[in-house]
Amino acid sequence: MLSMLPCTLALLLLITSDAYAAPHPSAEAGVTMNLLRKPHGRRTVEDWGEWARSHREMLIAKYGGTPPDPPSTRKRASGTNLLVNQNADSSYYGSLAVGTPPVSYNVILDTGSSDLWLADSSCSTGCRSVPTFDAASSSSFKNLSQPFDIQYGSGRAIGVLGQDSVQMAGFSVANQVFGVCDQVSSGLLSSPVSGLLGLAWQTIASSGATPFWQTLAGSGTWDTPVMAFQLTRFVNDNSAKTLEPGGTFTMGAVNNSLYTGEIDFQNIPSGQVSYWILPLTSLTVQGAAVTVPTGASAYSAIDTGTTLVGGPSATIAQIYAQIPGSAPGTGNFEGYYTYPCSTTVNVSLAFGGQSWSISPSDFKLTALSNTECLGGFFELTTGGNAPSWIVGDTFLKNVYSVFRFNPPSVGFAQLSSAALAMNGVDGAIPSATIGSAAAVTAAGGSGGRSSSGARTTRVGMWTMLIGVVIVGSGLIL
Ligand SMILES: *[C@@H]1O[C@H](CO)[C@@H](O)[C@H](O)[C@H]1NC(C)=O
Ligand SMILES: *[C@@H]1O[C@H](CO)[C@@H](O)[C@H](O)[C@H]1NC(C)=O
Ligand SMILES: *[C@@H]1O[C@H](CO)[C@@H](O)[C@H](O)[C@H]1NC(C)=O
């Protein structure tokens, strides 16, 4: 199985299968097939406790920066990348290809951060059994010899900045700047994922580089300046495998067959283009309204790279106050709440427009015993200018979500029956990108570190570890 191979052999397999192909992201899927058959192990309450504690451990975030540079225009198009759902909705990854010849890598798609990075072949910590990037095997790689360091809610990655061609879903950016990391926090990457693709705005890029998506959106390459997600649900499904079909990520268009009705777009508040921020304007639990803080305290990062929903403790307490028998967690579960598994919990959120309900099966993170369940909303304490709420996959599985470049906004729509029919359905893991067109675009700006991005660490991805038990590992870095 691929995960057991030494990195060099795994990489050799990747190169062999991809050497002359156009972007062909999961060409290694045949090799990883055994992995897909491995059911994830049963987790004890202690395991969940370890996970819960580490999940809350840290959040640092910051806004700032300047608007993006508009790069040159080529051909207009759209493309789709099929996703993989890892560890029962813990995280969602897609695939891209880097270098000459192009080699494919799986990356977490994270709308809560703005840097691309890959584990490097010299990585000694946190990269065991992960396919890694070998700069020496790409004739187009350029080492920028500048340090790269990014901090997430669930860990940290450190390395140097490099530049190479990056391809995804039929699009290519010729000189994309990205981190090549040789130190990665334990548990941040889970094989077969090699890194992360940040899909938020350049203003919060630790590298200072224009994000891959922003180069394409800003260049007029896309038919429509949007990215859209449909995410599948496998949580609480005892037959779910470690890897399952994860839904779709589309760049340059929305897919009309995945949603119904209108897409309800809401603009990012003026001056807040950094994360994909929307103010949370109403929240109901079991049909009853809970008062939510207003102004900046309502700011929510819409974050595909975060598993759950975190918010201010007073509001989280009010949510659970509407659920009889619920209680604050203790010990490792501090900041979380338990509630009776017999209760079907219906929470709805609105961000200035329509209200969107979260399925009770997403609210229920897991059963800790026959009667006691763990809720998917937890207390989040953020400092400085960090958004008060992080709205992750617990919510996003329930909508078709659209991230619009211009005007900067996020839209939600009702999932179609075709999209809903993919939930919980075991299937083959996607093995290739479906791209409707190839387009090559030069990255905007010179790349490298901007003054505003220098040395600052950013948070986006906040814990994607529902199914990944961190047993006493802690953070290495
Ligand atoms: C890039 O260059 C630095 C020295 O400036 C070196 O330490 C590092 O290993 C190089 N990294 C890669 C991926 O080539
Ligand atoms: C839109 O989604 C449907 C359903 O998954 C899929 O069959 C179709 O290929 C998608 N269209 C595009 C252009 O990707
Ligand atoms: C959940 O609550 C929302 C808002 O109160 C309501 O519109 C919706 O019908 C409820 N859903 C269920 C399944 O009860």
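Residues numbered from 1 in each chain as written. Chains lettered and ligands numbered in written order. Predicted model: local features only at pLDDT ≥ 70, side-chain atom pairs only at ≥ 80, totals over all residues. Heavy atoms only, no water.

(A) Fine view of the site of ligand 3. Looking at ligand 3, the residues that line it are Thr284, Gly287, Asn346, Ser348 and Ser357. Side-chain polar atom of asparagine 346 to an oxygen atom of ligand 3: 2.5 Å apart, as the coordinates give it. Looking at side-chain class alone, the shell around ligand 3 contains no nonpolar, 5 polar and no charged residues. (Near = heavy atom within 4 Å. Polar contact = N/O pair within 3.5 Å; in protein donor to acceptor, adjacent residues only side chain to side chain. Nonpolar A, V, L, I, M, F, W, Y, C, P; charged D, E, K, R; others polar.)

(B) Molecular detail of the sheet that holds strand S13 (residues 282–285). Across the sheet, 4 strands lie side by side as S14-S13-S19-S20; this open sheet has antiparallel pairing. The open sheet has two free edges, formed respectively by strand S14 (288–290) and strand S20 (355–358), since each of these has just one partner strand. Within the sheet, the average angular offset between the axes of one strand and its neighbour, ignoring direction, is 30 degrees. The pairing of S13 with strand S19 (residues 347–350) spans 4 bridges and is antiparallel. Across the sheet, the residue bridging to threonine 284 is serine 348, located in S19. Packing against the sheet, helix H5 (residues 313–321) makes contact with S13, S14 and S19, and its axis sits at approximately 165 degrees to S14. (Pairing = 2+ DSSP bridges. Helix = DSSP H or I, 4+ residues; strand = E, 2+ residues; numbered from the N terminus. Axes fitted to C-alpha atoms, helices over the stretch in contact; angles between N-to-C directions. Contact = heavy atoms within 4.5 Å.)

(C) Up close: the state of the cysteines. Summed over all chains, the structure comprises 2 disulfides. Disulfide partner of cysteine 123: cysteine 127, at an S-S distance of 1.9 Å. Residues cysteine 123 and cysteine 127 are joined by a disulfide whose S-S torsion is about 70 degrees; by sign, that bridge is right-handed. Residue cysteine 123 shares its accessibility class with cysteine 127, and that shared class is buried. Covalent S-S linkage joins cysteine 341 and cysteine 373, the inter-sulfur distance amounting to 2.2 Å. Handedness of the cysteine 341-cysteine 373 disulfide follows from its S-S torsion of about 110 degrees: it is right-handed. (Disulfide = S-S within 2.5 Å. Buried < 20%, exposed > 50% of the residue type's maximum accessible area, 1.4 Å probe, protein only.)

(D) The pattern of salt bridges, seen in detail. Summed over all chains, the structure comprises 5 salt bridges. Close ionic contact of aspartate 89 with lysine 397 constitutes a salt bridge, the shortest N to O distance being 2.7 Å. With aspartate 89 in the loop between strand S1 (79–86) and strand S2 (91–98) and lysine 397 in the loop between helix H7 (393–396) and strand S25 (400–404), this pair connects stretches of sequence that are 308 residues apart. When its relative accessible area of 0% is taken as the criterion, aspartate 89 is described as buried. (Salt bridge = Lys/Arg side-chain N within 4 Å of Asp/Glu carboxyl O.)

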